Amino acid sequence: MRKLVKGRKLNLTLVVLIISLLLAACGGEDSTPTPYALPTVVFPTPTQAPPTSIPVQSLPALTFAGPTATPRSTNQPPPPTPTYRPSPTPELPALPKSPIFTPAKPDALIKAVTGWLNQQKDALPTAENGPENARARLRDLLATWNFIGAEVPVYTGDLDGDGKPEIVATVADDWTHFPSSIAGYGLVLVLKANKSAWTGSTLKQANLKLQKPSFRDEFVYPKLEKVDDLNADKKAEIVFSELYCGANTCSTSLHVLNWANNKFTDLTPDVPVMPSAKVSFEPGDTGTTILFAGGGFGSVGAGLQRGRTEYWRWDATSKTFKLADTKYEVSYYLYHRVIDGNLALDKANYPAAITLYTGALTDSTLKLWFNESQGTPQQTQDEKAILTAFARFRLALTYALSEDRANANQTLQDAIAKDGKFSGWATAFASAFQASKAPTATVAAKEGCVAAVKFSQQNPSLVDGLNLFGYANPTFKPEDICPTLK
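Only a predicted model underlies this, so the values are computations on that prediction, with no experimental measurement involved.

(A) How the structure looks around the confidence of the model for the chain. For the chain, per-residue confidence averages 82 on the pLDDT scale, and 78% of positions sit at 70 or higher. Predicted confidence is poor over residues 1–90, with pLDDT under 50, and the contacts of this stretch with residues over four places away or in other chains come to twelve contacts.

In structure tokens, the structure reads:
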């Protein structure tokens, strides 16, 4: 209300002022204005800078970016434009469609592979990094076609020693069900540089001189493991595995191929085979050792198990890879302690065999399989009886082969006194051993073994207790009561 009154007073004052000025302008000499004190009214006005003369040509150019004008000097580079994706690279030729391929007729595969690779200049043998580019693209191509497993590599290596690398792959007609009992039949694919292009060839069982021929021509799920010089002959070997799957377990076999005399030869004629196996390599001064590790079956019937590693090394005499050694995982079962004693005895490592057999007789911490697997008390008792008797008999034999007659005779007497129905092996052996007129205990031990084996064959059921530990373990026959002695 006060603001309204104050405003009205101000407006009245202005009116009076205007009327007075008009009267003064219209009046004569006799007109005398009445003095009136006017209030001072201040009206705010904008402050203006003094004008300045600016040449038009010196004004900066204006660049409009959106609704707001932003002055920018013409001699400055424009701000960078954000990049949200890389510039596209030249595309490779389109992948050809999967050929109709069967291992029995591989020509379609070879034609499709070489035809596509030879279209790419940077993958030709004469191009810089050509073999490596071709290797990588071949891997992608085979994987796209589902002719190669997700973990299966493609390698390069100089197979024939001419200084030029070949490209090696393993292929199968279908990896959709891998691994399974449905076999994926396949072969080995080799690409060789022929002047400025790639040519291809394939290998299957029928191409190889195997000492143990297979029932089929193709390989089963072949997997390339390595292409390298394993036997120091300055040429690369092809190492690949095969995988066979049953209802519960997949087993792996191993091949090493070498090019000589214008053909490929399998350098593993014994064909190593192992369930649940993995392949690795250990370089050495005289060549590379192939390590084959695994050994576990997936079925209950396999029984008591432990893993092992086989060492396959180049044998210059036979010119093949042979099993040089086997190392087993540590086990605390009485059965495995006896088996380890047998392995040492087979290698004529008598000190180790004596230690192992003695441990089987004296180590009370060793476990019994039937006790651990919830067998009956009678089964557990029978297990301990036969393993103890067998270990004691083998200990006596080992002492005899070590020319230690005193300990051999003492151990035989202990066996006869303590091993009940299983003492017949020791009794037969002792009779022949002690009656022998052979000049050495070693020769006398051979005569003792002849008598023990004869007794065992006449009483074949005695070794049955050694065969109750599952099919993953050795099977004993009556004549196996003694090892083969040279």
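Read on, since the account is not over.
(B) Looking closely at the sheet that holds strand β16 (residues 320–328). Sheet architecture is open: four strands sit in the order β13-β14-β15-β16, paired in antiparallel fashion. Each edge of the open sheet is held by one strand with a lone partner, namely β13 (278–284) and β16. Across the sheet, the mean angle from the axis of one strand to that of its neighbour is 25 degrees, orientation sign disregarded. The pairing of β13 with strand β14 (residues 287–294) spans seven bridges and is antiparallel. Residue pairing in the sheet places Pro283 in a bridge with Thr288 of β14.

(C) Seen up close, helix α3 (residues 130–144). Spanning 15 residues, α3 covers 21 Å between terminal C-alpha atoms, matching the ideal 21 Å at 1.5 Å per step. Among the residues of α3, Gly130, Pro131, Ala134, Arg137, Leu138, Arg139, Leu141 and Leu142 are the ones counted as buried. Where α3 is buried, its residues contact α2 (107–117), β3 (155–157), β4 (166–172), β5 (185–194) and β6 (197–203).

(D) Structural view of the side chain of Arg306. Along the chain, Arg306 turns up in the loop between β14 and β15 (308–315). For Arg306, a relative accessible area of 12% gives the class buried. A distance of 3.4 Å separates the side chain of Arg306 from the backbone oxygen of Glu329, its partner in a polar contact. A distance of 2.6 Å separates polar atoms of two side chains, one belonging to Arg306 and the other to Asp340. Look past the residues within four positions of Arg306 in its chain and what remains in contact with it is Gly295, Tyr328, Glu329, Ser331, His336, Ile339 and Asp340.

(E) Representation of the state of the cysteines. Under the criterion given, the structure shown has two disulfides. Between the sulfur of Cys245 and that of Cys250 lies a disulfide, 2.0 Å long from S to S. As the torsion about the S-S bond is roughly 105 degrees, the Cys245-Cys250 disulfide counts as right-handed. For Cys245, a relative accessible area of 14% gives the class buried. There is a disulfide in this structure between Cys449 and Cys482, and the S-S distance comes to 2.2 Å. Note on the Cys449 and Cys482 pair: the S-S dihedral is about -85 degrees, so by sign convention the disulfide is left-handed. Of this pair, Cys449 sits in helix α10 (residues 441–458) while Cys482 sits in the segment after α10, placing them 33 residues apart in sequence. Residue Cys449 shares its accessibility class with Cys482, and that shared class is buried. Taken in N- to C-terminal order, the disulfide-linked cysteines of the chain are connected 1-2, 3-4.

The rules behind each value
- Residues numbered from 1 in each chain as written.
- Predicted model: local features only at pLDDT ≥ 70, side-chain atom pairs only at ≥ 80, totals over all residues.
- Heavy atoms only, no water.
- pLDDT = per-residue confidence, 0-100.
- Contact = heavy atoms within 4.5 Å.
- Pairing = 2+ DSSP bridges.
- Helix = DSSP H or I, 4+ residues; strand = E, 2+ residues; numbered from the N terminus.
- Axes fitted to C-alpha atoms, helices over the stretch in contact; angles between N-to-C directions.
- Expected span 1.5 Å × (residues − 1).
- Buried < 20%, exposed > 50% of the residue type's maximum accessible area, 1.4 Å probe, protein only.
- Polar contact = N/O pair within 3.5 Å; in protein donor to acceptor, adjacent residues only side chain to side chain.
- Disulfide = S-S within 2.5 Å.

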